[in-house]
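In case you want the letters, here they are:
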Amino acid sequence: MTVKMINLTIDGKKIGVPEGTTLLEAAKLEKVKIPTLCYHDDLCIAGNCRVCVVEVEGWRVLPAACATPAMEGMVVYTNSPLVRRARRDILALLVSEHSTQCTTCYRSTNCELQELAAEYNIDNEIYINLIKDKHFTIDRTSWAIEKDETKCIRCQRCVRTCAELQKVNALDVIHKGANMKIATFFDTVMSEVVCTNCGQCINRCPTGALTERRYIDEIWDALGDPEKHVIVQTAPAVRVALGEVLGFEPGVRVTGKMAAALKHLGFDSVLDTDFAADLTIMEEGHELLDRLKRKLVDKEDVSLPLMTSCSPGWIKFIEHMYPDHLGHLSTCKSPQQMFGAIAKTYYAERKGLDPKNIVNVSVMPCSAKKYEANRIEMNDSGFQDVDLVCTTRELGHMIRQSGVDFKEIPEAKFDPFMGDSTGAAVIFGATGGVMEAALRTAYEVVTGREVPFDGLNITPVRGMDGIREAKVKLENVLPEWSFLEGVELRVAIAHGLTNATQIMDDVAIGNSPYHFIEIMACPGGCIGGGGQPIPTNAEIRRKRAEAIYTEDEKMVIRKSHQNPEVIQLYKEFLGKPLGEKSHHLLHTKYVRRERV
Amino acid sequence: MAKRKLKRVDLIFSQDCSCKDILTAALKKSREEIIQELIDSGLKGRGGAGFPTGLKWKMAAAEKGNRKYVICNADEGEPGTFKDREILDRVALKVLGGMALCAYVIDAREGYIYLRYEYRFLIPKLEKMIETFHKWMDEFDLDFRVKLFIGGGAYVCGEETSLIESMEGKRGEPRNKPPYPTNQGYLGKPTVVNNVETLVYTMMIMRIGAEEFKAMGIEGSSGSKLFSVSGDTHKAGIYEIEMGMTLEDFVKEFGDGDTKAVQVGGASGFCVPRKRFKETTIGFQGGLKGFSLPTGGSMMIFNSSRSMYNVLHNYLEFFEEESCGQCTPCRVGCQQLLKGIEAIKRGEKSHRYLNDLMRLSETMKLTAKCGLGQSVANSFASIVENFREEMIY
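Residues numbered from 1 in each chain as written. Chains lettered and ligands numbered in written order. Predicted model: local features only at pLDDT ≥ 70, side-chain atom pairs only at ≥ 80, totals over all residues.

1. A closer look at the overall build of chain B
(1) Moving on: Scanning chain B from N- to C-terminus turns up 14 helices and 13 strands.
(2) Moving on: Rg of the C-alpha trace for chain B: 21 Å, near the compact-globule value of 21 Å for 393 residues, within the 12% margin.
(3) Moving on: With the principal axes as the frame, chain B shows a C-alpha extent of 70 × 45 × 40 Å.
(4) Moving on: Across the 393 residues that make up chain B, the buried fraction comes to 57%. (Helix = DSSP H or I, 4+ residues; strand = E, 2+ residues; numbered from the N terminus. Rg over C-alpha atoms; globule rule 2.2 N^0.38 Å. Buried ≥ 20, exposed ≤ 12 C-beta atoms within 10 Å, placed from the backbone.)

2. Remarks on helix α12 (residues 392-402) of chain A
Residue and element names in this part refer to chain A.
(1) Moving on: Taken together, the buried positions of α12 are occupied by Thr392, Arg393, Glu394, Leu395, Gly396 and Ile399.
(2) Moving on: Those residues of α12 that are buried lie in contact with α6 (216-224), α7 (255-265), β13 (358-364) and β14 (388-391).
(3) Moving on: Immediately beyond the C-terminal end of α12, within one or two residues, lies glycine 403, with a positive phi of roughly 85°. (Contact = placed C-beta atoms within 7 Å.)

3. Thoughts on the interface of chain B and chain A
(1) Moving on: At the interface, 29 residues of chain B touch 27 residues of chain A.
(2) Moving on: If you list the elements that add at least two residues to the side of chain B that touches chain A, you get α10 (308-322), α11 (328-346) and α12 (353-367) of chain B.
(3) Moving on: Residue classes in the side of chain B that touches chain A are distributed as nine nonpolar, 12 polar and eight charged. (Nonpolar A, V, L, I, M, F, W, Y, C, P; charged D, E, K, R; others polar.)

4. Things to note about the packing of helix α2 (residues 31-41) of chain B against helix α8 (residues 196-215) of chain B
Residues and elements named next belong to chain B.
(1) Moving on: Viewed as axis vectors pointing N to C, α2 and α8 meet at an angle of 50°, and their least axial separation amounts to 8 Å. In terms of their interaxial angle, α2 and α8 are classed as oblique. With respect to the hand of their crossing, α2 and α8 are arranged in left-handed fashion. In this structure, α2 contributes Glu37, Leu38, Asp40 and Ser41 to the contact, and α8 contributes Thr202, Ile205, Ala210, Phe213 and Lys214.
(2) Moving on: Among the residues making up the contact of α2 with α8, the classes are represented as four nonpolar, two polar and three charged. (Axes fitted to C-alpha atoms, helices over the stretch in contact; angles between N-to-C directions. Parallel < 35°, antiparallel > 145°, perpendicular 65-115°, else oblique. Left-handed = near helix turned anticlockwise from the far one by under 90°.)

5. Quick notes on the sheet that holds strand β13 (residues 298-303) of chain B
All names here are of chain B.
(1) Moving on: Read across the open sheet, the five strands follow the order β8-β7-β13-β9-β10; overall the sheet is mixed. Looking at strand neighbours, the two that pair on one side only are β8 (237-242) and β10 (270-273), the edges of this open sheet. Within this sheet the neighbouring strands show an average axis-to-axis angle of 30°, counted without direction.
(2) Moving on: Bridge count between strand β9 (residues 259-264) and β13: five bridges; the pairing is antiparallel. Looking across to β13, one finds that valine 262 is bridged to isoleucine 301.
(3) Moving on: Against the sheet, helix α9 (residues 247-254) contacts β7 (224-231), β9, β10 and β13, and its axis sits at roughly 115° relative to β9. (Pairing = 2+ DSSP bridges.)

6. So, the domain arrangement of chain A
(1) Moving on: The domain boundaries assigned to chain A delineate domain 1 (5-79), domain 2 (104-112 + 121-212), domain 3 (228-275 + 336-402) and domain 4 (285-332 + 421-586).
(2) Moving on: Computed over C-alpha atoms only, the centres of domain 1 of chain A and domain 3 of chain A are separated by 45 Å. (Domains from an automatic or database assignment.)

7. A closer look at the nonpolar core
(1) Moving on: Cys52, Ala65, Leu91, Val232, Trp314, Phe428 and Ile548 of chain A are the most contacted members of the largest nonpolar core, which totals 178 residues.
(2) Moving on: Filtering out sequence-adjacent residues up to four positions away, cysteine 52 of chain A remains in contact with Leu24, Ile34, Pro35, Thr36, Tyr39, Ala64, Ala65 and Cys66 of chain A.
(3) Moving on: Judged by nonpolar contacts, the second largest core, of 117 residues, contains Ile12, Ile35, Met203 and Val311 of chain B. (Core = buried A, V, L, I, M, F, W, Y, C linked by C-beta atoms within 7 Å.)

8. Let's talk about the domain arrangement of chain B
Residues and elements named next belong to chain B.
(1) Moving on: The domain architecture assigned to chain B consists of domain 1 (19-215) and domain 2 (308-392).
(2) Moving on: Contacts between the two partners involve 10 residues from domain 1 and, on the opposite side, eight residues from domain 2.
(3) Moving on: Of the residues that constitute the side of domain 1 that touches domain 2, the class distribution is six nonpolar, two polar and two charged.

9. Here we look at the pairing of β14 of chain A
All names here are of chain A.
(1) Moving on: Of the two faces of β14, the one holding Leu388 and Cys390 and the one holding Val389 and Thr391 are both buried throughout.
(2) Moving on: Here β13 pairs with β14 via four bridges, running parallel. Opposite valine 361, over in β14, you have leucine 388 as the bridge partner.
(3) Moving on: In this view, the connection linking β13 to its parallel neighbour β14 by way of helix α11 (residues 368-373) has right-handed handedness. (Right-handed = clockwise from strand over helix to strand, strands pointing away.)

10. Section: the sheet that holds β13 of chain A
Residues and elements named next belong to chain A.
(1) Moving on: Spatial ordering of the open sheet is given by β11-β10-β13-β14, a layout of four strands whose pairing is parallel. Each having just a single partner strand, β11 (269-272) and β14 make up the two edges of the open sheet. Put simply, the sheet's adjacent strands are angled 25° from each other on average, direction ignored.
(2) Moving on: Note that strand β10 (residues 229-234) and β13 share six bridges and pair parallel. Across the sheet, residue glutamine 233 finds its bridge partner in β13, namely serine 362.
(3) Moving on: With respect to the sheet, α6 is in contact with β10, β13 and β14, its orientation differing from that of β14 by roughly 125°.

11. Comments concerning the pairing of β7 of chain B
Residues and elements named next belong to chain B.
(1) Moving on: Across the eight residues that make up β7, a large majority, eight, are buried.
(2) Moving on: Bridge count for β7 against β8 is six bridges, and the pairing is antiparallel. Within the sheet, the bridge partner assigned to serine 224 lies in β8 and is glutamate 242.
(3) Moving on: Joining the antiparallel neighbours β7 and β8 is a turn of five residues.
(4) Moving on: Of the strand pairs in this sheet, β7 and β13 are connected by four bridges, and their pairing is parallel.

12. Quick word on the packing of α11 of chain B against helix α13 (residues 371-386) of chain B
Residues and elements named next belong to chain B.
(1) Moving on: Between α11 and α13, the shortest axis-to-axis distance is 9 Å and the interhelical angle comes to 25°. In terms of orientation, α11 and α13 fall into the roughly parallel class. Relative to α13, the crossing made by α11 is left-handed. Within the contact between the two elements, α11 uses Pro329, Cys330, Gly333, Cys334 and Leu337 and α13 uses Leu372, Gly373, Val376 and Phe380.

13. Structural notes on helix α4 (residues 157-165) of chain A
All names here are of chain A.
(1) Moving on: Buried residues dominate α4, accounting for seven of its nine residues.
(2) Moving on: Taken residue by residue, α4 has Arg157, Cys158, Val159, Arg160, Thr161, Cys162 and Leu165 as its buried positions.
(3) Moving on: In this structure, the buried residues of α4 make contact with β7 (172-174), β8 (181-183), α5 (200-204), β9 (210-212) and α15 (497-508).
(4) Moving on: Looking one or two residues past α4, lysine 167 carries a phi angle of roughly 50°, positive in sign.

14. Re the environment of alanine 259 of chain A
(1) Moving on: Of note, alanine 259 of chain A is situated in helix α7.
(2) Moving on: With residues near it in sequence (within four places) discarded, alanine 259 of chain A still touches Val270, Ala412, Lys413 and Phe414 of chain A.

15. Some thoughts on unusual backbone geometry
Residues and elements named next belong to chain A.
(1) Moving on: Following leucine 304, the chain continues to proline 305 via a peptide bond in cis, the omega torsion being 0°.
(2) Moving on: The amide bond that connects isoleucine 534 to the next residue, proline 535, takes the cis arrangement and shows omega of 10°.
(3) Moving on: Mapping proline 535 onto the fold places it in the loop between β17 (516-520) and α16 (538-554).
(4) Moving on: A positive phi angle, close to 50°, is found at lysine 167, a residue other than glycine.
(5) Moving on: The class for lysine 167 is partly exposed, based on 16 C-beta atoms found within 10 Å.
(6) Moving on: One non-glycine residue, phenylalanine 417, lies in the positive phi region at around 70°.

Okay, here's the thing in structure tokens:
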């Protein structure tokens, strides 16, 4: 079908665009930037900030470029005196309703309102400051997310994120007129609502209204305390995004620089969550095989498909939305929590440390990890397994505070002993990665051969489609797995909770054709996590994912079960996967939660 | 020229004809004939915006698809308007008849009356009328059913896309336009939203014909209209008057001899000071010399005892609360205008700040997402321009 072309004039230049193109997109094609605030690449059009207004000849009003389709013969001006005046007025209005304490704002220098206000040279004194008279609050109840009403510009990006991408609807609009604001159900505090702590709202907030709860000071305190042995673990997705907050382009891998900078910050041991990711694969892979055996051989009534449990946003989501189906979740803790539990037991023992003096810090691409670390059941080591969680963004702040020249710092390696990892662990950071890692191991355990994909790259499970599926046929299996001979293993992957609900709805009615399902709460998986650098969009996420797969290919060992430190851990401490010690330290239970 | 003496008309509330007879005759005509007749009559929407009714029906009729809707907008909320309540109370069958006509023309099977929440005392009566109406529909063999929908109480829901959002169970907030409701309305289907009074006039045009209707009124504003007269008058009430009257004639009839200003079109309308009465006519803009002001029917008369600052303050308080809060110019603009005139009155801001506020109201008119925010400037600018000294001292 041929697309109808629309001819219009933008700033004096005649152009043709396909029918349905908005004026904003048309201008972009012409390399003209129209300022926006409520617009976001990942979200539907709202057209409510009105910053993107343009002048159209013959029109009575200035339409919003983001919401107006190009029409035949239109003559558009994107920067006329009328347009500039209107935009300035609108920005001045937003500023009058905004706490302009930019000097103390966490998002200062990375704030879209600040940038536009500077660009349009807004005079803060034109209009009356409105926030003085309003009873705005800062909600710091959540372990993960802070909500500051004084900085909200009501663009509703967070509302759209929560509804469209995540289908959680924890945030919505309440009241009208001057009292209109973004709030939770009945304006309850953030800690008491369905919020999954995924932090996608933070990634799309143009200002500092939504931020992660920060633990920077607590981490510095721990580092400064000579009594404490401070361990840091870094998640796979951090190393491909940290560069963005420290002057690199998206998609640059800064693993070595990050390890060096962490050592400079003063951590006693710079270790890798990837080690625990390999451990997770050992446990979860065997859990899958165990469930298959119980189902096929012992004819037990076990829950299949098995679903991954690495993403704490997803865990809280299923606890709220599908509390009757928690049996499908893998009982494995996430890599962060496995790491924490092992660090305060095995690591402490081998290093001759008192676990009460160990402080486990983790650097995560995620805000929900902050919540996860504080779940009351996460203390199997006898202490809180993970003490402090910071995001990629917070680490960026800390590195800047430390004065390290990140661009120039020579690369370093992770410390040994829980610092070793494989390519399988690194790809945990991208959607489909856990699945790929699990298949690399499970297939080999069952058949004794490598997965039948070129260079171990299981491409069908990769990519950015919201839901993907793949099949792997198990043939010529080892004798002990004979019950799996000829079984076609069916797997699915979803990222973003809206996609997860599509899969879950089938699981809930017992209609799911899969054996194993990977779900990540955030679009793109952890590389698009709520703790990652801002801004985010499909292109940036694609670049980070590419970097993840490059990192994998550069690794010498690319299968979790070949991680020498993991092998050693089982030999010296855990025994075998799903063994008694594993059960105690590495597995967990889930909680039924209300839907409000 | 637009000069005419006031002429009372009796179409809307007249009981000299049966709705059933009008429908019987009208439904024998083809769809195209009805549309043409409405276009010829020059009937424009009586809710205040003045969109040509025939054209609206034509656009909806041209849309493909088997599900279309007719919605009667009875969310009468403009301050100073109280005509739709009376129409629904006294001649609801004429309204339903108009909806049937529209349904026939655009090929809709379902219709809704979006009734203002405060008018719920009308429900029992309307339900009875709808029952009668449905019997007629069976007799006419017209597959059309009407339901009542009770609004949630927000002023902005009188704006048609907010009204539709509200009916869909969402917050009553205006949509981006285009697409317009005739293209994608209720549940994404082609929808005609007409004011209560407009629907009655479609029936009246079927009865008296386009010629006779057009003979009334003036160029660009044909026919008659209901006016809700209130304020400093000894004759407050509802009057059906030919379009095109001058304010001078209006005030002569309804004023108390001391009229200082008339607010035409409610809080979102224009304030006309005495010196402009002569040159101001009531009708829809276009084809007229002098001032021609549209109105949904609200005519508020103020005499010299009234402070225009208080009048404006009252309107702005209303808008500050009734803005849906979605778009920046309206949400923040209304607060700034209100706080701004208060600050000037208290002497905290210089009188020159009025100029900044005037410019702001102009920005709101140009950039607000819907008619609510765009029309705040109407009352603001017309009151400030004409009664500047009352704002300051």
